[in-house]
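So the chains spell out like this:
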Amino acid sequence: MLQLKMLVLFFMVVSSVFRCSATADQRDFTDAFYYGVLPDSFTWGVSTAAYQIEGAWNEDGKSEHIWDRFCHEGGHVDRNHTGDVACDSYHKWRDDITILKELGVKHYRFSLSWSRIVPDPTTGVVNQAGVDFYLNLITAVKQAGIEPLVTLFHWDLPQILEDNGSWGNETIIQQYKHYADVAFSHFGHLVKYWLTFNEPWVVTWQGYGIGDYAPGIKQPATLPYLYAHNIIKCHAQAWHLYDTTYRARFNGMVSITLNTDFFAPKNSSKPEDVEAAERAAQFSVGWFAHPIYVDGDYPQVMKDYVQRNSNTIDGSSRLPKFTVSEKLFIKGTFDYFGLNHYSTSLCEPADAAYQASVPKGYLGDMEVKLTRDPKWRKAASSYLYYVPWGMRGILNFIRTHYNNTPVIVTENGVTDHNGTLHDSFRIDYLRSYMNELIKAVLIDKCNVIGYTVWSIMDNFEWARGYTEKFGLYYVDFDNPQRPRVAKQSAMFYKGVIADRGFPDPGIIG
Ligand SMILES: *[C@@H]1O[C@H](CO)[C@@H](O)[C@H](O)[C@H]1NC(C)=O
Ligand SMILES: *[C@@H]1O[C@H](CO)[C@@H](O)[C@H](O)[C@H]1NC(C)=O
Ligand SMILES: *[C@@H]1O[C@H](CO)[C@@H](O)[C@H](O)[C@H]1NC(C)=O
Ligand SMILES: *[C@@H]1O[C@H](CO)[C@@H](O)[C@H](O)[C@H]1NC(C)=O
Ligand SMILES: *[C@@H]1O[C@H](CO)[C@@H](O)[C@H](O)[C@H]1NC(C)=O
């Protein structure tokens, strides 16, 4: 560990010859290293999600959810891996607390499983064993001096709801509100940060558009729009419930977390590429953020492009409309901005060949050709290229488009296939992305209040099973004990947290 620290210091000294140009213009963003530390109030954390770590898929009254079904069906997930056991955190959650303490994080982000707490949402009966499990976990996290950051929904929809019309059935809005109420009432006194949904873009597009994620439905023209519409309404219900019933007592913060690339023009000298990048961002993050953070409605450019691609005689659109009262209800339902960010895409107007290559529907509607620079370094995950300046770019996008709302980066991290403990590639990635975040805060005055590494440990990586590993800690999935073993990146992150960023080696004693 000492050797590692010296190595890191060596890199810092070497890179200190480069200095970052102090400008917020995205085209001037560079990867040059910038020394700086963040205030004490800044919160550093790590994240997980229920299905990816818990296991115990059918214990203590938990019902089946769509990821249980999807994995058990076979044929959807690499090597037909499942989350049946995963990191076994349902039984080994004390081990998770141990490594959280070892890292020195200020917050721990994890999700509750709806199927454990309200196994049959059509009856609404609460499963006490599920409540007890999370109460024990949350209490222990608090006792360790760590703030829980709790996601209500991280993709594991109870199967019975999927079978009863999924997110298209309006009844789900009251069922979701009830579930949120159970969570707020049982855990609200202990939880400062809440998230209603993790990545609704992935839920709707990958679950119901291209179907590579549970429940594996492929309706790219219609279902993502219809289901997103009700997910936004569910989110707004949960936020208002907290606001009216719980805020005065518990004083927590409730929001949603959105995943997005940074969308950069392929050629920033071309106005059409600049416009394409803005359109891609509005179709991705704006789809959810514009209703919630701006005016209760979808971005105008998204309404225009979906309508013209709907090609209907009566001019109707595949994108649903909010009523006036719905818009008023949705607008402003946030206390911060949750951001999951990993990579960057280059944008230009789509040509006919590109349009023919993408599924007709959401992706075609935006009319943007998305590419990656072949020079960018690649991670194990197909979508994950190292583009550190994209972190600074997306934080500035949020600053300018969403009124500099306080941001917590709720996920950022990188994969390999082998889970090596000598993960210098992960240190490179995290160090450069965190450094761009620090530039965004200290130079550009982006209002970022927290940062979270995905993930504290290797876990079930959805359709990639256990073949792609994000962990700061290694988990041997062939060992029934599932020991958690620190990688070099864990000790690196521990150091960054202790230092509150990257102090200039020239001015530390
Ligand atoms: C996964 O399950 C599917 C469906 O049961 C089966 O056809 C396939 O051979 C399995 N693949 C592996 C790698 O076991
Ligand atoms: C909607 O869900 C409720 C229960 O959750 C069910 O009773 C009803 O039949 C569902 N409607 C449709 C159209 O599936
Ligand atoms: C609701 O789901 C249950 C259990 O999966 C199923 O038996 C029932 O037929 C579904 N009802 C409707 C209206 O789809
Ligand atoms: C970018 O666009 C400008 C204006 O059209 C053009 O002059 C320039 O050659 C382009 N750059 C590249 C690298 O294609
Ligand atoms: C494991 O993967 C990483 C990232 O791709 C690579 O840098 C490293 O060399 C690999 N290690 C082994 C032992 O294969």
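The rules behind the values
Residues numbered from 1 in each chain as written. Chains lettered and ligands numbered in written order. Predicted model: local features only at pLDDT ≥ 70, side-chain atom pairs only at ≥ 80, totals over all residues. Heavy atoms only, no water. Core = buried A, V, L, I, M, F, W, Y, C linked by side-chain atoms within 4.5 Å. Buried < 20%, exposed > 50% of the residue type's maximum accessible area, 1.4 Å probe, protein only. Helix = DSSP H or I, 4+ residues; strand = E, 2+ residues; numbered from the N terminus. Pairing = 2+ DSSP bridges. Polar contact = N/O pair within 3.5 Å; in protein donor to acceptor, adjacent residues only side chain to side chain. Contact = heavy atoms within 4.5 Å.

> What should I look at first to understand the nonpolar core in this one?
Side chains of a nonpolar character, in soluble globular proteins, are inclined to be buried together. The biggest cluster of nonpolar side chains holds 164 residues, and the ones touching the most others in it are Trp67, Leu112, Trp167, Trp194, Tyr451 and Tyr493. Of all the elements, helix H10 (residues 223-250) adds the most residues to this core, at 14 residues. Membership of the second largest hydrophobic core comes to five residues, among which are Leu149, Tyr193, Tyr336 and Ile408.

> Before we go on, may I ask you to explain the pairing of strand E6 (residues 253-259) in this structure?
Counting buried positions over the seven residues of E6 gives six, a clear majority of the element. With four bridges joining them, strand E5 (residues 193-198) and E6 adopt parallel strand pairing. Bridge assignment links Trp194 to a residue of E6, and that residue is Val254. Strand direction decides the pairing type here: E6 and strand E8 (residues 337-340), joined by three bridges, are parallel.

> I'm lost on the side chain of Glu367 in this one. Help?
Mapped onto the elements of the fold, Glu367 is located in the loop between helix H16 (362-365) and strand E10 (368-371). Within the structure, Glu367 has its side chain in polar contact with the side chain of Arg308 (distance 2.7 Å). The residues touching Glu367, leaving out its near neighbours within four places in the chain, are Arg279, Tyr305, Arg308, Asn309, Glu348, Pro349, Ala350 and Gln355.

> I keep staring at unusual backbone geometry and nothing clicks. Help me out?
Only a minority of non-glycine residues have a phi that is not negative, and only a minority of peptide bonds are not trans. The omega torsion across Ala214 and Pro215 is 0°, close enough to zero to call that bond cis. Among the secondary structure elements, Pro215 is positioned in the loop between helix H9 (200-208) and H10. Positioned with a positive phi, Ser166 is a non-glycine residue whose angle comes to about 50°. For Ser166, the position within the fold is in the loop between helix H7 (159-163) and helix H8 (171-187).

> So what exactly am I meant to see when it comes to helix H3 (residues 66-73) here?
One turn of an α-helix holds 3.6 residues; hence residues three or four places apart share an orientation. Among the residues making up H3, those that are buried are Ile66, Trp67, Asp68, Phe70 and Cys71. Those residues of H3 that are buried are in contact with helix H2 (50-53), H7 and H9. Phi turns positive, to about 80°, at Gly74, one or two residues after H3.

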